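# Structure at a glance
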Amino acid sequence: MNLQELWFVLIAVLFIGFFFLEGFDFGVGMATRLITKSRAERDQLVRTIGPFWDGNEVWLLTAGGAIFAAFPHWYATLFSGYYIPLVIVLLALIIRGVSFEFRNKMITEKGRNVWDWGLFIGSLLPPFLLGVLFTSMVKGMPIDANMNMYAGFLDYISLYSIVGGVAVTLLCLLHGLNFISLRTLGDVRERATALSKKLYLLLYAGLAAFALLTFLYTDFFKVRPVVIVAILALIVIASIIAHYSVSRKKEAVSFALSGLTLCLVVVLLFSGLFPRVMVSSLDPAYNMTIYASSSSQYTLGLMTKVAVIILPFVLAYQIWSYYVFRQRVTRTIDAAE
Amino acid sequence: MDILVLSRLQFALTTVFHFFFVPLSVGLAIAVAIMQTLYYVKKQEIYKDMARFWGKIFVLSFVVGVVTGIIQEFQFGMNWSEYSRFVGDIFGVPLAIEALLAFFIESTFIGLWIFGWNKFRKGVHLSFIWLVAIGSTLSAFWILAANSFMQQPGGYVIENGRAILNNFSYLFTNPYLWLQFPHMWFGALLTAGCLIAGLSALKLLQNKDTAFFKKSFNFSLVLILVGGILVSGVGHTQTQRLLNIQPMKFAAMEALYENSEDPASLAIIAGIDEANQKRSWDLSLRYLLSLLSFNSTSGAVDGMHTVNQQFEQEYGPGDYYPPVTTMFWSFRIMTAGAAALLLLGAIGAFLSRKKLLEKNRWYLYAMGLPSRFLSF
Amino acid sequence: MVSLCYGITIAVPFVLNTAGWLITELGRYPWTVYGVFTIEQSVSPNVTPGGVLFSLISFVSIFVILAAVLIVLIKREWHKGPYFSKSIDEQAVLIDPYGKEALNK
C-alpha cells in the first residue's frame, strides 16, 4: 500500500470515528424533542453527552484537516464546491455547540426553549446535509478539467442524495436512541428503546432504497461488486441483529451494532469511491484520483509519522473519558421545574 | 459585489470575532489552572472558589471560541480554494496537527474538568485544567505556525505551480513564529487579567464579597503586569524584525511614504492622505524612530515609495501599498492601549500593596469604568 | 433596575487584539504567502458573490448574537458572585424515587 492509499484509508477512519461518536451526539440531540416530556428529561439526555460532544466534534475537524494536508486538491474542490451546504452545516454546528452551554443559563422559559430548539435543529441538519454531501459526491458532481465544481441546487438535491441524507440521519437517531438506552435510567430509557424498535422497520426500507439507488446512480456495483455487496450484506445483518438486541434489551450490543452500521456506511462509500476522491458528472476524465490530488510524498510521510504517534494517545484518553463517566444518568429533581 | 472583497471581508470579520474569544480563553485557561494549583498546594477554599467562579466564565468564553473557530478551518477550502491548492502541501500540515494534538486534548479534557469536580482525586482533576490550558496554547501555536508561514515563508520549493514542503522543521522553527506566538500568548494573559481585574474592581466598588475579589484582583494584576510587559517587549522585537523581512508593512505602520530623515522621527499622530499617497501633516518626535528601530540615535528607514519601487522590480509592476490609515492608527491604539493598561496595573499593584485599594475609588472606577450604554 | 456596568479596562484588550491582527494581516497585502502568492490568485473561482454574501451575513449575524448572549451570561455569573447557591451548581445527581430502575444499575 502506498502513502496515498494509506491516507485515503486514514481519512475514512477519521470519518468513521466522527460518525460513530458524533453520530450518537446528533441522535441524542434529536431525541430531546422526540422522547422527552419535561425539561428534567431533556436535561437528563443532554447530560449523557455533556462531557463528550466537544471531543467528538473534533473528529470532523481532524478529518477536514487531514484532507487538507494529504489531498489539498480534494479539500479545495470539496469545500468550495459544496459551499452553501457547508455554510448551513457550520451554522447548525455553531448553534448546537452553544446550545449545550446556554440552554440552562436562560432565565425565561422562552429563552430556554430557544436554545433547546437550537440543540434539536443543530443535531438534525448536520447528519442530513453530510449524508446529502457524501451521497451526491459518490454519484458525481459537475467538476471540470481544472478540478473546480460548479454545482447548483439540483446537483446537491436528487432522489439519491435525499435518501442518503435521510438514511444517515435515521442511523444517527437510532444510534443516539441506543446510546440513551445504554446510559440512562428511567422513563426516557424505556421510550428510547420503544422508538428504536419502531424505527428499525423504517431503516430496513431506507437501506433497501439506498442500496437500490446506489446500484442505479453509481458505478459501485460495476467497479467492485463483491466488496460492495458484502458490505451491504453486513449492514443489513448488523441492523437485524441490532434490532433484535433492542427488543431483547441487550443495550451494549445494540449500541455497538448501530455504531458499526454507521461505520459500514462510511466504509461502503469510501470503498466504492476508491481510488477516486471526487467523481465528475461531466466527464470521467475529470474524476479526481488520490494520486492526482495528493500532497508530496514528503508531506504524506511526515503526516503519517505524526498521526501514528498521536492517534493512539487520542484514542486512549477518549476511551478513558467514556469509562470514567460510564454511570447511568438519572433524572434530577429540579426544584425550579 | 466583488467576490474578492466579500471573501476578504468575511475572512476578516470571522477571524476578528474568533480572536475576541481566543485570547480570553487561552488566558483564562492558564489563570484558572494556576488558581486551582494554588488550591491544591495551599489547600485554602478561596482558591477553589476562584477556580470555579472564573472557571465558569472561562467555559462560556471557551465554547464561543470553539464554535467561532470551526468555520475557520473550513473557510480556507470554501473561499480560498486556489490558495489551498497552492499551499496545501505545507499549510495543511499545521492545521492537521492542530486538530490531532491540540483540539482533541482541550475538548476532551474540558468535558472531564467541567463534570469531574467531585469525581476525581484533586490532583487528577487539576491535571485536566492544565491539559486544557496546554491544549489551547498548542492550538494557538500551530495556527500561528501556519500564519507565520504566510508571513515569512520558508522550507519549501515550487514544483509544477505549487508550493511543496521540503523542510518540516521550518514550520515550527520559523523565526517569525517565535515572536508572534509569545506575543499572542502574553497578550492572552493580559486580556484575561484585565477581565478579572475589571470585574473584580466593580464588585469591590459595590463592596460585595470583598475578600474574594480582592484576592482575584491581586491575582489579575500579576497577569496584567507580566503579560503587559512581555507582550510589549516581544512586540518591540517583532517590529524591529519587520524592517528587514517586511519593509512595506513597517513603513505603512509608520505612514512613511517618503524615506525618513537620518536620524528618523516617529510620527505620534498624522493626517494621512491615502489617495495621494502622502502625509497631510504630522506630529513627530525626532530620533524616536531611529531609537526604536536601530537602538541608536541615527539610521534612516525606507518609505513606501522606495519599497514599492523595489517590489515592482522584484515582483512586477503594481500597487503594493497596504491600507496605511488603518495600520498606522491600529498600531498607535495597540501600543498606547498596552501602555495605559500597564500603567493601570502598576498603580493597582502600588495601591494594593499599600492596602489603599478601597480608599481610591477613582482607581476602581477606572478599572471597571461603568459604561452607561449597557444596562440590563 | 440595576444597571450592570462594563469596564472599559475589560474592553480595551479586545480592541488591542483586533488592532494587532489588522496590522499584521493587512500589512502583507497583496500577498497571502508573502512574496509568493497573491490574494487575488487565492480566491475560489467557483463560489458566487451571492453565496459569499449569504455566508457573510449569516456568520456575522450569528456571531453578533452569540457575543451578545455571552456578554449577558458573563454579567449574570458575575452578578451571582462566587458564593451563589452552590448546591444548584454542583453536579449532584439525585435519584428520582419514582423512576423505574432507581435501585438497579
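Residues numbered from 1 in each chain as written. Chains lettered and ligands numbered in written order. Predicted model: local features only at pLDDT ≥ 70, side-chain atom pairs only at ≥ 80, totals over all residues. Heavy atoms only, no water.

### Overview of empty space enclosed by the protein
The gaps of empty space that remain are located by a probe, the size of a water molecule, rolled over the atoms. Tallied over the full model, the rule gives 7 cavities of 30 Å³ or more. Within this model, the largest cavity holds a volume of roughly 150 Å³. Every residue lining the largest cavity is counted, 15 residues in all, and those nearest its centre are A:Phe15, A:Leu60, A:Leu78, A:Phe79 and A:Leu130. Of all the elements in the fold, those that place two or more residues in the lining of the largest cavity are helix H3 (53-70), helix H4 (72-81), helix H5 (83-102) and helix H6 (109-139) of chain A together with helix H2 (45-79) of chain B. (1 Å grid on protein atoms, 1.4 Å probe; cavity = no way out; pocket = protein on both sides within 12 Å on 5 of 7 lines; lining within 4 Å. Points joined across faces, edges and corners; volume = space filled by probe spheres on them. Helix = DSSP H or I, 4+ residues; strand = E, 2+ residues; numbered from the N terminus.)

### Considerations on the pairing of strand E2 (residues 162-165) of chain B
All names here are of chain B. In E2, alternate side chains face the same way, and those of Arg162 and Ile164 on one face and Ala163 and Leu165 on the other are all buried. Pairing geometry for strand E1 (residues 156-159) and E2, over 4 bridges, is antiparallel. The residue of E2 that forms the bridge with Ile158 is Ala163. Here E1 folds back onto E2, and the loop between the two strands holds 2 residues, one of which, Asn160, carries a positive phi near 55°. (Buried < 20%, exposed > 50% of the residue type's maximum accessible area, 1.4 Å probe, protein only. Pairing = 2+ DSSP bridges.)

### Notes on the domain arrangement of chain B
Residues and elements named next belong to chain B. Splitting chain B by domain gives domain 1 (1-174) and domain 2 (183-376). A straight line from the C-alpha centre of domain 1 to that of domain 2 covers 24 Å. At the junction of the two partners, domain 1 supplies 25 residues and domain 2 supplies 20 residues. Of the roughly 1,900 Å² buried between domain 1 and domain 2, counting both surfaces, carbon and sulfur atoms make up 83%. Taken as a group, Met50, Trp54 and Gln151 account for 26% of the area that domain 1 buries against domain 2, more than any other trio of residues on that side. (Domains from an automatic or database assignment. Contact = heavy atoms within 4.5 Å. Buried area = accessible area lost by both parts, 1.4 Å probe.)

### Thoughts on the interface of chain B and chain C
The partner chain C presents 72 residues to the 94 residues of chain B that form the contact. At the boundary of chain B with chain C, total buried surface from both sides reaches about 7,700 Å², with 73% on carbon and sulfur atoms. Here chain B is connected to chain C by 1 salt bridge. Ionic pairing is found between C:Glu77 and B:Lys56, a salt bridge with its closest N-O pair at 3.6 Å. Class assignment of the residues belonging to the side of chain B that touches chain C gives a composition of 61 nonpolar, 22 polar and 11 charged. (Salt bridge = Lys/Arg side-chain N within 4 Å of Asp/Glu carboxyl O. Nonpolar A, V, L, I, M, F, W, Y, C, P; charged D, E, K, R; others polar.)

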